[in-house]
Amino acid sequence: MTTRLSDIADEAGVSVMTVSNVMNGKRARVSPATIEKVLGIAARLGYVPNIPARSLAANSSHIVAALVPVGENNSLLVSPHTVAVVGGMETHLRHHGYHVLLRGIEHEDQVAQTVRGWSLDGVVLVEFPDEQIDRLRVDTVPLVAIDSYSANPRAIGVRSDDDGGGRLAGKRLADAGHRRVLFAGPPYQGMGVVGQRWAGFREACLAAGLDPDDVGAVEVLTSFEDGRRLGLRLRHDHPGVTAVFATADHLAVGIMAGIAEAGGSVPGDVSVIGFDDLDFARYTTPGLTTIAQNMPAKVAEASRIVLDEIERGAGAGDGGREPVALDVHLVERGSVGPPRG
């Protein structure tokens, strides 16, 4: 026999609405004792929610999509940063009674199609280029864009202080005595995440007295293998460079591997700084000095905003929310030292 909400309510001595709120994660107005009692009875009676029926009755799918841009036939979980964001988001939303739909997007038109096709309650955009977000025309559900500087009023940005992180990296290398440095990352011209990190880095280096011609930049994909290739050719392609600031940890670790493979050492021959402070940064040899962004806080903030917007019945971008920028800080390990000579 199927257990109903009313069966739990009768035994608990509370209303069906209270039981519904507990089972759907809306527990702000329910006492801890009642929550514990309702969940205990539900478990003992073997209650299993009828998700389609519940969604139909509430006019809500309880689904929030994590959408990630991908190329044709590419995996959407290549980036460790993406894995960390999606994993944290799923945990946070699950604890609030929501399911996460993870989907790769090859073209921005698919965003609107996914919203309609899955009757989504909200969308979190992960690592979307700002120019794609600028072109989005979705106004029926809340949109939260992680690491975005898009001017699209429909998308609420949640990001780290990228300019400040670049400044920390530039200052650290200049303070260590480096006079010829290199920035490594994807295309960096513009106002996006990478552009902000480059601008902060360059300004800090110039403020420390470095010659503008000695603050270089190279465009490279943010992957371990692309970093490794850069590290292998660093002496040949960028002679005289004694320090590199990579715009992502996995790129930085690849650069370190390439330098070692080419017969060099970190930080003896070249110092390296990353950005993110992902878990593996502490396990490299030497450990990776990096600009740490508070990933759990960023993911929690993005999840909180999308839930707030859903709760108040907001469509995309109609709440007038300002972008959220979270602080960063330098984590010192062993990959930065003074230049030789």
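In case you missed it, the structure is sitting above this.
*Asks:* Help me out: how do you make sense of the overall build of the chain in this one?
*Replies:* Check the secondary structure of the chain and you find 13 helices and 12 strands. Expressed as a percentage of the 341 residues in the chain, the buried residues total 50%. Considering only contacts within the chain whose residues lie at least 6 apart along the sequence, 71% involve residues at least 24 apart. Accessible surface, the chain as shown: approximately 16,000 Å² in total, 52% of it carbon and sulfur. Averaging the positions of the 32 positive and the 42 negative side-chain charges in the chain gives two centres separated by 3 Å.

*Asks:* Sorry if this is basic, but what is going on with the side chain of Arg159 here?
*Replies:* Secondary-structure assignment places Arg159 in strand S5 (residues 155-160). Residues contacting Arg159, with those up to four places away along its chain left out, are Asp147, Ser148, Tyr149, Lys298, Pro323, Val324, Ala325 and Leu326.

*Asks:* It is not clear to me how the nonpolar core should be interpreted in this structure. Could you clarify?
*Replies:* One recurring pattern in soluble globular proteins is that nonpolar side chains are buried together. Of all hydrophobic cores here, the largest spans 24 residues; its most connected members are Val64, Met89, Leu93, Val124, Val144 and Val306. Broken down by secondary-structure element, the contributors of at least two residues to this core are strand S1 (63-69), helix H5 (80-94), strand S3 (122-126), strand S4 (143-146), S5, helix H13 (295-311) and strand S11 (324-326). Of all the elements, H13 adds the most residues to this core, at 7 residues. When residues no more than four places from it in sequence are discounted, the contact partners of Leu93 are Val64, Tyr98, Val100, Ser303, Val306 and Leu307. Within the second largest apolar cluster, 21 residues are counted, among which are Leu182, Leu234, Val241 and Ala252.

Criteria and thresholds
Numbering of residues starts from 1 in each chain and follows the order in which that chain's sequence is written. Thresholds applied to this predicted model are a pLDDT of at least 70 for local features of residues and 80 or more for the giving and counting of side-chain atom pairs; totals over whole chains, interfaces and linings are not thresholded and use all residues. To get the side-chain values, take all heavy atoms of the structure and skip hydrogens and water. Counting from the N terminus, the helices are DSSP H or I runs at least four residues long and the strands are E runs at least two residues long. Burial classes follow relative accessibility: with a 1.4 Å probe on protein chains only, a residue under 20% of its type's maximum area counts as buried, one over 50% as exposed, and anything between as partly exposed. The contact criterion used is simple: two residues touch if any of their non-hydrogen atoms lie within 4.5 Å. Reported accessibility uses the Shrake-Rupley method at a 1.4 Å probe radius. Residues are deemed covered only where the shown protein chains occlude them. Asp and Glu count as negative and Lys and Arg as positive, but His and the ends of the chain are not part of the count. By convention, charge coordinates are those of NZ in Lys, CZ in Arg, CG in Asp, or CD in Glu. To define a nonpolar core, start from buried Ala, Val, Leu, Ile, Met, Phe, Trp, Tyr and Cys residues and group those joined through side-chain atoms within 4.5 Å.

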